[in-house]
Structure formats: C-alpha cells, structure tokens
Amino acid sequence: MKKLLSARKKKAIIYAVAAGICVSGTVLPQPAEAAEQFDIGWDGKTLFNVKYYGVGDYNAARASIFKGNGTTALNYDLSSDLKSGLNKAFKWWAEILGPGANISQPAQYFVGTNDDRNAGANAIQSKYNFADIFQSGQIVPQFNDIDDLENNLDNGYALGQIIIGQYLSPDTSNDGNYGWINTAYYANPTPEAIIGTDISAVMYHEIGHSLGISADKKILDVVSGKNYCAGVFNNFGEKSFTAHLYNQYGQQPKPG
C-alpha cells in the first residue's frame, strides 16, 4: 500500500480509549465523544478500541490526519454495515492474539475516510513500542480525542491508524458508490462480491501490517527462465511484533 502520512502528520495522531466491558466474541459500542467507538476482544479480554470519524466529525486538524494521499478527507461516512465488516476483521485478530496477549489496556485504532483509491493501516509510535501493548502489558498515554495530541507530543504515543479510501470497485448499491461491501463469508465468491471490495478481507490483511507483519518475496525455483516466488515473513526477533503470534498448534511463525 502507498504511504498514507507524512512524518509531520504522523505526529498529529492520537485518540481516546474509554473503559468498556468486553464479553468473549462480542463487539460492544461505547459512548462516543466526537466519534463512534467499539471495544473488541476475546474471552473477556479487550484488545482493540476502534473509533470511527466521518463527515460529522470534520475539522481541519482531523482532515489533515486522514487525508493521506487523497485530495480530501472525512468526505463520506462508512455505513453501519461496513463498520461491522471492519470490526469483524478486528475480531479475527482478537481471536488470534487473545490467547497469548499480555495486555493491560486495549490498543487504540482510529478510522477515517478519504478519496484515494486505497486503504491501509499503520502503527504510529513515538517513545513507545506498539507491540509492547500486546507483549508486556505496556501502558501508553491516552487522549480524549485526536485533537489533543498536538499539545502532548512530548509524552509519546503508540496507536493504530486506518484510512479507508473510495472508488475501489464499481459497486453502486451497497455503500453509496464507494466500492466497499461486507460479505457474509470470507472471500465469498458471489456476484455481489465481484462488484465490490470485501472490507473485512482487505482490512484483516492491512491490520496485520499495522501489527508489524510484513512480507518479502522468496524465489522458490527457476523454471524455463521464470522465477516462482512466494511471500514470506521477514521481521522476526525477540521483540518482533510477531513474537506474540501463535497458530492453532501453539507454534510461533518462522522465517520463510
């Protein structure tokens, strides 16, 4: 995905986490100050607090944060169905991370829209390691709203940021012609899925990047002058973002 924020704009990002109750496998809306927010967790453990900004939350400071590579920001609202689709992606990650996470507070993510044909998720951090929220129960500063960051940059921060672009596909009925849909099943091969982009599948992938999972190409074989490649993880180590990831057999991922 394309780089979404300049270094300066990255410094202007933070938002509030309100205390909430998370029941196993549930997503609970919390009272919002400037935007709608949800606590998402696994087995009674809240892992993510996700806050959505839209047209009604517009101001110049927030727009500069979510503009990314677009020309305007907070120019449309994600529907309640699409928010449910993005929350579903967070729930999948909560089920993966929950068993091994040593967490004292939920990781903060806030979501905004722009007019770029793109979407992505980033971890934004200064003086803190985002991974330590999951790995060691690190407590990081929290703010009532993203507008509060500018006056508190010296305190440091660690949070997630998501920008959802538009015009990704020719869907004209499900989300106001912005190209996103929330399908019933992952990679559902229905006509509806063909004319829209599944927000859950795409953002599940992107949230993985914000958690620190990256990939490189590895040449597996050369046949008739053609390289056959596969994507492989390339960022492992004792303090890697992936150090807290385990599969269903209790095994950690390995390079390659």
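Being a predicted model, the structure only gives us computed values, none of them experimental.

## Digging into the pattern of salt bridges
Working step 1: Counted by the stated rule, this structure contains two salt bridges.
Working step 2: For Lys83, the salt bridge goes to Glu36, with nearest N and O atoms at 2.8 Å. With a gap of 47 residues between them, Lys83 in helix α3 (residues 80–97) and Glu36 in strand β2 (residues 36–42) connect regions that are remote in the sequence.
Working step 3: With a relative accessible area of 36%, Glu36 lands in the partly exposed category.
Working step 4: For Asp145, the salt bridge is made with Arg62, and the minimal N-O distance between the two is 2.3 Å. Highlighted residues: Asp145 in the loop between α4 (132–135) and β6 (157–164) and Arg62 in helix α2 (residues 60–66), separated in sequence by 83 residues. The burial state of Asp145 is the same as that of Arg62; both residues are buried.

## With respect to unusual backbone geometry
Working step 1: One non-glycine residue, Asp43, lies in the positive phi region at around 55 degrees.
Working step 2: With respect to the element layout, Asp43 can be found in the loop between β2 and β3 (45–52).

## Observations regarding the pairing of β2
Working step 1: Counted residue by residue, β2 has five buried out of seven residues, so it is predominantly covered.
Working step 2: Judged from the seven bridges that link them, β2 and β3 form a sheet pairing that is antiparallel. For Ile40, the partnering residue across the bridge sits in β3 and is Phe48.

## A look at the packing of α3 against helix α6 (residues 199–210)
Working step 1: Running from amino to carboxyl end, α3 crosses α6 at an angle of 45 degrees, the nearest separation of the two axes being 8 Å. On the basis of their axis angle, the class for α3 and α6 is oblique. Classified by chirality, the crossing of α6 by α3 is right-handed. On the side of α3, the interface is formed by Leu82, Gly85, Leu86, Lys88, Ala89, Phe90, Trp92, Trp93 and Ile96, while α6 contributes Ile199, Ser200, Ala201, Met203, Tyr204, Ile207 and Gly208.
Working step 2: Counted by class, the contact of α3 with α6 contains 12 nonpolar, three polar and one charged residues.

## A closer look at the nonpolar core
Working step 1: Counting residues in each nonpolar core, the largest one holds 35 residues, and the members touching the most others are Phe48, Tyr109, Phe134 and Ile162.
Working step 2: Contributing elements (two or more residues each) for this core: β2, β3, α3, β4 (107–113), β5 (119–126), α4, β6 and α6.
Working step 3: Broken down by element, this core gets its largest block of residues, seven residues, from α3.
Working step 4: Core analysis: the next-biggest nonpolar cluster, separate from the first, contains 14 residues, Ile65, Ala73, Phe110 and Ile124 among them.

## Focus: the confidence of the model for the protein
Working step 1: Confidence in the prediction of the protein, expressed as mean pLDDT, is 74, and 62% of residues score 70 or more.
Working step 2: No element of the protein has a lower mean pLDDT than helix α1 (residues 7–10), at 39, and none a higher one than β2, at 95.
Working step 3: Below pLDDT 50 for its whole length, residues 1–26 participates in 102 contacts with residues either more than four positions away or in separate chains.
Working step 4: Here residues 229–233 is modelled with pLDDT under 50, and outside its nearest four sequence neighbours on either side it reaches 19 contacts, counting other chains as well.

## Looking at the packing of aromatic side chains
For any pair of aromatic rings, the description rests on two quantities: the centre-to-centre distance and the angle between the ring planes.
Working step 1: Enumeration according to the criterion identifies 12 aromatic pairs in this entry.
Working step 2: Relative to Tyr109, the ring of Phe48 has its centre 5.8 Å away and its plane inclined at 70 degrees; by these criteria the two rings are edge-to-face. Highlighted residues: Phe48 in strand β3 and Tyr109 in strand β4, separated in sequence by 61 residues. For the pair Phe48 and Tyr109, one class covers both residues: buried.

Parameters and conventions
Residues numbered from 1 in each chain as written. Predicted model: local features only at pLDDT ≥ 70, side-chain atom pairs only at ≥ 80, totals over all residues. Heavy atoms only, no water. Salt bridge = Lys/Arg side-chain N within 4 Å of Asp/Glu carboxyl O. Helix = DSSP H or I, 4+ residues; strand = E, 2+ residues; numbered from the N terminus. Buried < 20%, exposed > 50% of the residue type's maximum accessible area, 1.4 Å probe, protein only. Pairing = 2+ DSSP bridges. Axes fitted to C-alpha atoms, helices over the stretch in contact; angles between N-to-C directions. Parallel < 35°, antiparallel > 145°, perpendicular 65-115°, else oblique. Left-handed = near helix turned anticlockwise from the far one by under 90°. Contact = heavy atoms within 4.5 Å. Nonpolar A, V, L, I, M, F, W, Y, C, P; charged D, E, K, R; others polar. Core = buried A, V, L, I, M, F, W, Y, C linked by side-chain atoms within 4.5 Å. pLDDT = per-residue confidence, 0-100. Phe/Tyr/Trp six-rings, centres within 6.5 Å; stacked < 30°, edge-to-face > 60°.

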